[in-house]
Amino acid sequence: MTINSSLAQVNIKINSNLKENAYATLKQLGTNPSDFFREMLEYVVREKKLPIKKVILSDEDEELLALAKEALASDEPDIEVNINDLTRTLHIEIPAKSRRRLQQAR
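Remember, it's a predicted structure, so these values are computed and weren't measured experimentally.

A. Region of the structure containing the overall build of the chain. When you go through the chain residue by residue, the secondary structure sums to five helices and zero strands. When the helices and strands of the chain are listed from N to C terminus, the series reads α-α-α-α-α. At 22 Å, the chain has a C-alpha radius of gyration far larger than the 13 Å of a compact globule built from 106 residues. The C-alpha extent of the chain, read off along each of the three principal axes, is 60 × 35 × 25 Å. Burial status across the chain gives 6% buried among its 106 residues. Roughly 10,600 Å² of accessible area belongs to the chain as shown, and the carbon and sulfur atoms make up 55% of that amount. Taken together, the 16 basic and 17 acidic charged side chains of the chain have centroids lying 11 Å from each other.

B. Representation of the pattern of salt bridges in the model. Tallied over the entire structure, the rule returns two salt bridges. Between Arg38 and Asp35 there is a salt bridge whose closest N-O contact spans 2.6 Å. Highlighted residues: Arg38 and Asp35, both in helix 2 (residues 33–47), separated by three residues, approximately one helical turn. The exposure class of Arg38 is partly exposed, given its relative accessible area of 41%. Between Arg46 and Glu47 there is a salt bridge; the shortest N-O distance is 3.2 Å.

C. Examining the environment of Phe36 more closely. Structurally, Phe36 is set in helix 2. Residue classification places Phe36 among the partly exposed positions, given a relative accessible area of 30%. Not counting chain neighbours up to four residues away, the residues in contact with Phe36 comprise Leu26 and Thr31.

D. Fine view of the environment of Glu70. Within the fold, Glu70 resides in helix 3 (residues 59–73). Residue class for Glu70 comes out exposed when judged on its relative accessible area of 57%. Taking the C-alpha atoms as reference points, Glu70 and Leu29, 41 residues apart in sequence, are found 30 Å from one another.

E. The arrangement of the environment of Leu18 in detail. Tracing the chain through its elements places Leu18 in helix 1 (residues 16–28). What makes Leu18 partly exposed here is its relative accessible area of 49%. When the C-alpha atoms of Leu18 and Ala8 are compared, they prove to be 24 Å apart, with ten residues separating the residues in sequence.

F. Helix 2, seen in detail. With 15 residues, helix 2 should cover 21 Å at 1.5 Å per step; its first-to-last C-alpha distance of 21 Å lies within 8% of that length. N-cap assignment for helix 2: the residue whose side-chain oxygen lies 3.1 Å from the backbone N of Ser34 is Asn32. Looking one or two residues past helix 2, Lys48 carries a phi angle of roughly 60°, positive in sign.

Basis of the calculations
Residues numbered from 1 in each chain as written. Predicted model: local features only at pLDDT ≥ 70, side-chain atom pairs only at ≥ 80, totals over all residues. Heavy atoms only, no water. Helix = DSSP H or I, 4+ residues; strand = E, 2+ residues; numbered from the N terminus. Rg over C-alpha atoms; globule rule 2.2 N^0.38 Å. Buried < 20%, exposed > 50% of the residue type's maximum accessible area, 1.4 Å probe, protein only. Areas by Shrake-Rupley, 256 points an atom, 1.4 Å probe, with all protein chains shown as cover. Lys, Arg positive; Asp, Glu negative; His and termini not counted. Charge placed at Lys NZ, Arg CZ, Asp CG, Glu CD. Salt bridge = Lys/Arg side-chain N within 4 Å of Asp/Glu carboxyl O. Contact = heavy atoms within 4.5 Å. Expected span 1.5 Å × (residues − 1). Polar contact = N/O pair within 3.5 Å; in protein donor to acceptor, adjacent residues only side chain to side chain.

Given below as structure tokens:
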């Protein structure tokens, strides 16, 4: 990206604890707030999208998603799975409303 010699300052307001923790974490990661925000803004300009998504996944969900992606990319034959067996095996409870939608989708 071409850097113009004219610089501008950007000010943001955030919780002071968040600021302290973020600055410390950025330092541990080998960068600083100015470089971090500059790189984020350059990414937005270059890619025309945000560099992050607001998706909250637990570690278990991430593992399950990775397994699902791996299975979809695999050449192995598909297997049929019953939702009741799946939820029982994974020890999860699907709300009745969601369970009905899953059954209607078949």
